[in-house]
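# Structural features, examined
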Amino acid sequence: MRTSGSREEHRVVVVGGGFGGLQAVSHLRRAPVEITLVDRRNFHLFQPLTYQVATGALSPDEIAYPLRAIFKRDRNVRVLLAEVADFDLDARELHLRSVSAVPSPERLGYDTLIVAGGSHYSYFGHEEWRMHAAEVKSLESALAVRSRLLAAFEAAEGEPNAEARDAWLTFVVVGAGPTGVEMAGQIAELARDTLRRDFRTIDPRRARILLVEAADRVLTSFPPSLSAKAERSLQRLGVTVLTGRTVIGIDAAGVTFEGGDRGGERIATRAIVWAAGVTASRLAGRLAELTGAEPDRAGRVTVEPDLTLAGHPEVFAIGDMVRVRDAGGEPVVLPGFAPVAMQQGRYAAGVVRARLRGREHGAFRFRDKGNLATIGRAAAVADVKGVRLGGFAAWATWLLVHLWYLIGFQNRVLVLIRWSFSFATHGRGARLITGASTTSEQR
Ligand SMILES: Cc1cc2nc3c(=O)[nH]c(=O)nc-3n(C[C@H](O)[C@H](O)[C@H](O)COP(=O)(O)OP(=O)(O)OC[C@H]3O[C@@H](n4cnc5c(N)ncnc54)[C@H](O)[C@@H]3O)c2cc1C
């Protein structure tokens, strides 16, 4: 292992400029190391707010920040736009692929590797559903959702046939975790509030918003009392919550599900948002294959209590793509939330710094600071160390936490201004239909 005393600095390569990777780099930038941050995007995306881009409340640049700008003052941090295609763990090298036709080196050597590739939505083996039911994980897909939602109102306005018009005005969100709940609440506000006076032949307030969930309640990661509170808030906004329903088919004209009183149902809709199942980054599967570590059903690679791969103390894997062995050797799945990835990024940086000083470091321990989900205007639920909040207090907490963690001073100010303005006027300034994908795909 090269250390600060060696002729060359210790080379740390961090894969992924998401929540985990960013923390790892930030907590290593003052250490005597040479850091390369590799990402296939040139920006950090604040995923907790992509649903607001998808519903026209915020613009893309307000929730994304260039990685180069974040580390512009750190001379030992290099940002590399490239996709990691493979690992050569014996040679301690990454294989890279160029992105957006920007040339990149084919191989990149490291002394320490920190992999934080995140996760993506899975369609339970039905990839064909993806084209009809977009998700909001990436900026591109959030913009596609925004265009589809707004295009559906436009299409309804010009549709003479009542049945076809109703289909355009039916919005289905699949999955009632925090993202699904937030999406359904925002679509309801868009229809009942923002667009209320914008059309001439339709009344957007008549739109049906359905939230479909296989479990028996919404927000299963929260205590049942808060799930019930969230469901009541959704109903007040005009969202129909359909729990105990499993989606079995999605096509251009609608969604079919099993369960419920009637045993199953087909809903005619032209706008479906996918907010169910998550699978770990492909990088997790590859690391599992190379080290013999067993991946779980969601594709997460198992890491040791110090977040390294078995037999490779120089390779850390963190965030959404891992599960962590506890002291007894049992793999534990931590929640797929930003604080887990951030704490793991800071921890991995701490281990690297300790090793450079020749010191030992204890095992990773997650400190759970609570769980938040917003439903709509002044409505949210929060479970903070056993203190359960709903309504305005939870919403204000949600607002402050999200503003605090949003990267970049300028973004914080812009988002605060935008939220204050929207709160006062019920407006959403970013209601733009963009891209070529919308109508041709939907019709
Ligand atoms: C819609 C949505 C809403 C959410 N809301 C919340 C919330 O309110 N609160 C909360 O705590 N959590 C929320 N989460 C979860 C949170 O965003 C994740 O837990 C967190 O992003 C995980 O961090 P990570 O570093 O593991 O991965 P990510 O933040 O996803 O970062 C992964 C990075 O790796 C890069 N990458 C991936 N593969 C490669 C490759 N092959 N080569 C190069 N680069 C690569 C990606 O471009 C990305 O920048 C939400 C997630 C989503 C999708």
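What this report covers is the structure whose coordinates are included nearby. (Residues numbered from 1 in each chain as written. Predicted model: local features only at pLDDT ≥ 70, side-chain atom pairs only at ≥ 80, totals over all residues. Heavy atoms only, no water.)

The element strand 6 (residues 83-88) is largely enclosed, with a buried count of five among its six residues. Bridge analysis of strand 6 against strand 7 (residues 93-97) gives five bridges, and the strand direction is antiparallel. By the bridge assignment, D88 is partnered in strand 7 with E93. What sits between strand 6 and strand 7 in their antiparallel hairpin is a turn of four residues, with R92 showing a positive phi close to 55 degrees. (Buried < 20%, exposed > 50% of the residue type's maximum accessible area, 1.4 Å probe, protein only. Helix = DSSP H or I, 4+ residues; strand = E, 2+ residues; numbered from the N terminus. Pairing = 2+ DSSP bridges.)

Next up on the list: the nonpolar core. Ranked by size, the top nonpolar core spans 68 residues in total, and within it L49, F153, F171, M183, I209 and L211 carry the most contacts. Among the elements that make up this core, the one with the highest residue count is helix 5 (residues 139-157) (nine residues). With near-sequence residues (within four places) excluded, F171 lies in contact with L149, A152, F153, I187, A207, R208, I209, L210, T269 and A271. (Core = buried A, V, L, I, M, F, W, Y, C linked by side-chain atoms within 4.5 Å. Contact = heavy atoms within 4.5 Å.)

Quick look at the pattern of salt bridges now. As enumerated under the stated definition, the model contains 21 salt bridges in all. Among the ionic pairs, D74 bridges to R30, the shortest N-O distance being 3.5 Å. Here D74, found in the loop between helix 4 (67-70) and strand 5 (77-81), pairs with R30, found in the loop between helix 1 (19-26) and strand 2 (33-39); they are 44 residues apart in sequence, far enough to count as distant. Overall, D74 belongs to the buried group, its relative accessible area being 9%. Looking at R30, the relative accessible area reads 71%, which means it is exposed. R286 is the partner of D86 in a salt bridge, and the nearest nitrogen-oxygen pair spans 2.6 Å. (Salt bridge = Lys/Arg side-chain N within 4 Å of Asp/Glu carboxyl O.)

Another point: the sheet that holds strand 5. Overall, mixed pairing links the six strands, which are arranged 5-2-1-9-22-21 in an open sheet. Looking at strand neighbours, the two that pair on one side only are strand 5 and strand 21 (308-309), the edges of this open sheet. Here strand 1 (residues 10-15) runs beside strand 9 (residues 112-115); their pairing, made up of four bridges, is parallel. Bridging from a neighbouring strand, V15 pairs with V115 of strand 9.

So, on to the sheet that holds strand 14 (residues 239-242). Judged by pairing direction, the sheet is parallel, and its five strands sit side by side in the order 11-18-12-13-14 without closing on themselves. Here the strands that pair on one side only, and so sit at the sheet edges, are strand 11 (133-134) and strand 14. Where helix 5 meets the sheet, its contacts fall on strand 11, strand 12 (170-174) and strand 18 (271-274), and the angle it forms with strand 18 comes to roughly 155 degrees. (Axes fitted to C-alpha atoms, helices over the stretch in contact; angles between N-to-C directions.)

Attention now moves to the site of the ligand. G20, D39, Q47, V84 and D320 are the nearest of the 30 residues found near the ligand. Within the side chain of Q47, an N or O atom sits 2.9 Å from an oxygen atom of the ligand. At 2.9 Å from a nitrogen atom of the ligand is found a main-chain nitrogen or oxygen belonging to V84. When the free accessible area of the ligand is taken as 990 Å², the share hidden by the protein chains comes to 91%. Sorting the residues of the shell around the ligand by element identifies helix 1, strand 6, helix 9 (282-291) and helix 10 (338-356) as the ones contributing at least two each. The dominant element in the shell around the ligand, judged by the number of residues it contributes, is helix 10, at three residues. Split by residue class, the shell around the ligand holds 11 nonpolar, 12 polar and seven charged. (Near = heavy atom within 4 Å. Polar contact = N/O pair within 3.5 Å; in protein donor to acceptor, adjacent residues only side chain to side chain. Areas by Shrake-Rupley, 256 points an atom, 1.4 Å probe, with all protein chains shown as cover. Nonpolar A, V, L, I, M, F, W, Y, C, P; charged D, E, K, R; others polar.)

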